[in-house]
Amino acid sequence: MRLHRLTVTAFGPFAGSETVDFDALAAGGLFLLRGATGAGKSSVLDAVCFALYGETPGTRRANRLRSDHADPRRLTEVRLELTLGGRRLEITRLPEQLRPKKVGKGTTVERAQTLLREWSADSGDGTPGWRAVSKSHQEAGEEIHRLIGMSRDQFCQVVLLPQGDFARFLKGDSEERGKLLRRLFDTERFQHVESWLAEQRRAQEAAVQAGRRRLRDLASKAEQAAGPQAEPAAAWVPAEDEPAHGAADLTDGVLGWAAILRSGAAEQLAVADAALSGAEAEHRRAQQAVADAEELAGLQRRHQAAAQEAARLAEAGPAMERDRLRLAEAQSAVGVEAVLHLRTAAADAHREAHEEERRRRAALASAPGEGPLLARAETAELTAAEQRLRAAAVRLEAAQAEERRCGELVREQESLDGERRRAEELAEEAADWLADFDDRLAALQEEQTAARAAGALVEQLDARRAEVTERLEAARRRDGLRAEIAAAEPRALALRAEALDARKHSQDVRERRLTGMAAELAAQLRAGEACRVCGSPEHPEPALPSDDQVGAEDEERALAAQAAAEQRAGAAERELADLQVREAAAAGAAGPESAEALAAALAEAERERREALRVAEGLGAATRRIERLAQEQARRLAAVRDAGERTAVLTDRIQLLAAEREELTRRVAEARDGAPSVAARATGLVRLADGVAALAAAARAGADAARRLKEADDELARTAADAGFPSPAEAAAVLLPREQRERLEGRLARYRSELAAVERLLAEPGLAAAAAGPPADVPGARSRLRTAVDRLRGAHAAQQVARERCAALAGIGRELAELAASLAPTLARYGRINRLAALAAGTSAENRLRMRLESYVLAARLEQVAAAASDRLVRMSGGRYTLVHSDDRGSGNRRSGLALRVVDAWTGTERDTATLSGGESFFASLALALGLADVVTDEAGGMPLDTLFIDEGFGTLDEHTLEEVMDVLDGLRERDRAVGIVSHVADLRSRIPAQLLVRKGRHGSTLALAGREDA
């Protein structure tokens, strides 16, 4: 990856548009970014990161991207031209930001934009130029990430090289190193492996415990099924916390105990079977005795009941004989019964026909016209009169139609008169409405004009309200921040004083240690061993420690206290500076007015807006009313025109209907012949004809009924004589209804049947013999049967219990065998997974270094980083120092694997990296950063990094060490690599000719290329 050109607009401290030509700046391979503190040196690196990833580095991610000095109309934009994977690309990014509205006042949100272009020999028109690749944030980000091969965090670590992070990495503990390494080397999958193994171990352990619980449950069931006399399970079932190395350890004893229980249950079942056989034989004998006694008792009861029934039937014999004689007489008169019914029906029909004829003649006598005369006529006269009347009614049908037409003409004429009146009224109403049209239209147009003016005023008030709202919010922030500043300033001063005291104490401890260094070295001398300073094995006069001697631990504690105090003071000062910057920005946005004055102005603007909005909301209604008024005018004009035409047509129609009605009225009067109407006259004729027809039919029916009555009387006399009765009255006297005859026949049949059955029963020899013997003893037999049943039930229950015990123990034995078979693979899996999980978690005795799996992987990466860093650290330190990775276990319960040691070739000792001095820490952390960059680059696929940035840290180096570091940096320029140093160290200005100068001013910072002469 090589950077070519960077252009920033309204970004960070840069108010305008600034361009960095990296090709010209990095022509010599090494260039310097310099400027005053806060000028914006790191903002150049922020812009590079933002162009590539759409985000700034993590330590500065919260800062606002837009410049506070920029013109509101100038949009924040970053454009970066670079080469990635052999492709010349241009990335343009605009963050989400506020901009002034193009129409009206106020601001609106400008959405974030991303544009990715590539230089191509054919840009689409046959000439070289830029070709658009993507305008999508996601697509452009994925393409850039694919070409770089590193995440944002990795890029910020290996390209921007933040020295502060690596200084902490160098002197931190394993946990701090692990955080950075996890972020750079994607080792999350190894964490997942550890979690998965732990989860599998818990699952397998749960399965083993479930097997133990199942084993104890089955043993409890077996003990319960075997009964209280069985051998208890406590001596055979393993305890819950007892270790087991296999299924045999858990189940062998329980399986043997279960076999003993099954053997005892089988013996108990054999005893119960024998007892049941004896009880069943005794029960069968008792059942037979009860059956014999009950059979004898039944025969005796049947004989006694038969004798009682025979006595009852003998007493009922005379009554049955009388019923037989009465039934015989009734059956001889059955032939007369049907004819007698026919004669009764004929007499009833004759009486009804005579009454109907009388009623019909009375009704006809009360009818008007010819009714009284026709009521005395005979049947033939009545028939002729009916035909005459119906013919006259038929002739009146035509006159009825003309009469109905007259009624229709009257209704139609009245309807037309009503329509003509309504048409005239509508014409008058429309004319009256049109007379006021112009005045109503003018009033609505004035209302519409006022509403439009109010709408324009609402837009102006919206912009004013938004402006006042922003200023009010800024004023409230300003007041709140001033209170926070007043509270933060004393705290920052106190912490700065504490930091100065801690630094003074630390310097004092260091001076005292340097003063007593000879005694400290002398304490490490051993007889016969070479001195680390002079190399002599003889030590004639070793220095002695003083009373106020201090050691390395005292110096480390002082340095740690100094660092902590300076960190607290720095955090407080940064917090105070941030509050002051935010207060200044808020004060500039709020203006000189107080928050109360701005709140009052906002309330007044709100009131004016509500009033204007109320008026403006009537615009739509006024416009709709004007449209409806114009539509109503057109409708009214059409109504006047249509009403005139309709009135003329209706007048002509009314005159024609009047002439037709006059002619029809004359003809209908002739047909009515004095009746209220033609229909009434026709109805009267039809009603009279119906009455005549009904009287004629009644007369004919009466004659027929008299004839049938005479025939029935003759038939009844002949039938009675044939049946042997002197007269029909005597035959009727002995008749019985059919239901009564059937009841007598049934009673006589039942009597004969019962008498025969009793006689047969008394004649049976078995009944006679049973009656002659002694009474049967049924209660005694039943008592003996109950005793046998109780014994049988007890024997059967005992056998069932024994059988169920055998079945239950057999089933439990099978379950125990299956459990033993299934536990074997479960225990084997648990052993394997438990060992693997303990190894991966670093808790196993086999893991002597107590290293977790992820730590083991990170340790391998750290070993590579230490090897790559040592190549450069040897050159920077003049061959003195080398970084090595250590697997030593930490103190206490700390795990091992991520320790770093520095080897001092001058003394031959290996010590912790935290003991390095300030300058030594700088070039050690720089070497570590460069080594990490090499390893991460290889990890990401070997993408060459042709441009690197080193941010600060050179101020702690002496002249000799700085020269060695510069030699290493010169080595980085090999293979056409460009290295940028971000620093304000004055000595670097004379060493590095190519420089990018960042100047800050009241209206924002600017960028310029500078040489030595500008230093």
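Note that the structure is a prediction, hence the values are computed from the model and not measured. (Residues numbered from 1 in each chain as written. Predicted model: local features only at pLDDT ≥ 70, side-chain atom pairs only at ≥ 80, totals over all residues. Heavy atoms only, no water.)

## Section: a negative patch on the surface
Which entries qualify depends on this criterion: Residues forming no salt bridge and having over 30% relative accessible area are the ones grouped into patches, like charges within 9 Å of each other and nonpolar side chains (Val, Leu, Ile, Met, Phe, Trp, Tyr) within 5 Å. In this description, accessible areas are obtained by the Shrake-Rupley approach with a 1.4 Å probe, and a residue is regarded as covered only by the protein chains that are shown. One speaks of a salt bridge when a side-chain nitrogen belonging to Lys or Arg is within 4 Å of a carboxyl oxygen belonging to Asp or Glu. When charges are counted, Lys and Arg contribute as positive and Asp and Glu as negative, whereas His and the chain ends are disregarded. To locate a charge, take atom NZ for lysine, CZ for arginine, CG for aspartate or CD for glutamate. Helix and strand labels come from DSSP, where a helix needs a run of H or I of at least four residues and a strand needs a run of E of at least two; each type is numbered from the N terminus.
Residues Glu424, Glu425, Glu428, Asp432, Asp436, Asp438 and Asp439 make up a contiguous surface patch of negative charge. At the level of elements, α13 (397–435) and α14 (437–515) are the ones that each hand at least two residues to the negative patch. Counting through the fold element by element, Asp438 comes out in helix α14.

## As for the packing of α14 against helix α17 (residues 595–616)
Spelled out, the test is: Lines fitted to C-alpha atoms define the axes here, with helix axes fitted over just the stretch in contact, and angles between the N-to-C directions of these axes take values from 0 to 180 degrees. Orientation is classified from the angle alone, with under 35 degrees giving roughly parallel, over 145 giving roughly antiparallel, 65 to 115 giving roughly perpendicular, and any other angle giving oblique. Crossing handedness is read from the near helix: turned anticlockwise from the far helix by less than a right angle, it gives a left-handed crossing, and turned clockwise, a right-handed one. Gly is placed with the polar residues, together with every amino acid not listed as nonpolar (Ala, Val, Leu, Ile, Met, Phe, Trp, Tyr, Cys and Pro) or charged (Asp, Glu, Lys and Arg).
At a minimum axis separation of 8 Å, α14 and α17 run at an interaxial angle of 160°. Taken together, the axes of α14 and α17 lie roughly antiparallel to each other. The two elements α14 and α17 cross, and the hand of that crossing is left-handed. A breakdown of the residues in the contact of α14 with α17 according to their chemical character gives 19 nonpolar, two polar and ten charged.

## Quick notes on the sheet that holds strand β9 (residues 129–134)
Going by this rule: One requirement defines pairing of two strands: DSSP has to find at least two bridges between them. Only heavy atoms enter the contact rule, under which two residues are in contact if any of them lie within 4.5 Å.
On the basis of which strands lie adjacent, the open sheet formed by six strands has the order β2-β1-β4-β5-β8-β9 and antiparallel pairing. At either end of the open sheet lies a strand with only one pairing partner, and these are β2 (14–21) and β9. Recorded for the sheet is a direction-independent mean angle of 20° between the axes of neighbouring strands. Summarising the sheet, strand β1 (residues 2–11) and strand β4 (residues 77–84) pair through seven bridges and their orientation is antiparallel. Each bridged residue has a counterpart across the sheet, and for Thr9 the counterpart in β4 is Glu77. Running over the sheet, helix α2 (residues 41–53) touches β1, β2, β4 and β5 (87–94) and is turned about 100° from β1.

## Examining the sheet that holds strand β10 (residues 881–886)
Hydrogen bonding along the main chain pairs the strands of a sheet, whether they run parallel or antiparallel. The three strands lie next to each other as β10-β11-β12, forming an open sheet whose pairing is antiparallel. Strands at the two margins of the open sheet, each flanked by one partner only, are β10 and β12 (909–912). Taken over all neighbouring pairs, the strand axes of this sheet differ in orientation by 35° on average, direction set aside. Sheet topology places β10 next to strand β11 (residues 899–904); six bridges connect them, and they run antiparallel.

## Side note on the environment of Thr83
The line we're drawing: Two N or O atoms count as a polar contact when they lie within 3.5 Å, although within protein this holds only if one can serve as hydrogen donor and the other as acceptor, and sequence-adjacent residues are included solely when both atoms are side-chain atoms.
Position of Thr83 among the secondary structure elements: in strand β4. The sequence separation of Thr83 and Leu147 amounts to 64 residues, and the corresponding C-alpha distance is 9.9 Å. Not counting the four nearest positions on each side in its chain, Thr83 is found in contact with Met1, Arg2, His4 and Arg88. Within the structure, the side chain of Thr83 is placed 2.5 Å from the side chain of His4, a separation counted as a polar contact.

## Comments concerning unusual backbone geometry
The phi dihedral of Ala10 is positive, around 55°, even though this residue is not glycine. Structurally, Ala10 is set in strand β1.

## Things to note about the packing of aromatic side chains
Put simply, the test is: Only Phe, Tyr and Trp rings are paired, with Trp represented by its six-membered ring, and only when their centres lie within 6.5 Å; those with planes under 30 degrees apart are stacked, over 60 edge-to-face, the remainder tilted. Three exposure classes are used, based on accessible area relative to the maximum for each residue type with a 1.4 Å probe and protein chains only: buried under 20%, partly exposed in between, and exposed over 50%.
Counted according to the given criterion, the structure contains three aromatic pairs. Between Phe11 and Phe50, the ring centres sit 6.1 Å apart and the planes meet at 35°, which makes this aromatic pair tilted. One end of the pair, Phe11, is in strand β1; the other, Phe50, is in helix α2, with 39 residues separating them in the sequence. Taken as a pair, Phe11 and Phe50 share a single burial class, namely buried. With a centroid separation of 5.4 Å and 80° between ring planes, the pair formed by Trp119 and Trp130 is classed as edge-to-face. Of the two residues, Trp119 sits in strand β8 (residues 113–120) while Trp130 sits in strand β9, which places them eleven residues apart along the sequence.

## A short note on α14
Put simply, the rule reads: To estimate the expected span of a helix, subtract one from its residue number and multiply by 1.5 Å. In this analysis the local bend is the angle between axes fitted, respectively, to the seven residues ending at and the seven residues starting at the residue.
The terminal C-alpha atoms of α14, which comprises 79 residues, lie 113 Å apart, in line with the 117 Å expected from a rise of 1.5 Å per residue. Along α14, the helix axis deviates most sharply at Ala488, where the bend reaches about 25°; the proline Pro490 sits within four residues downstream.

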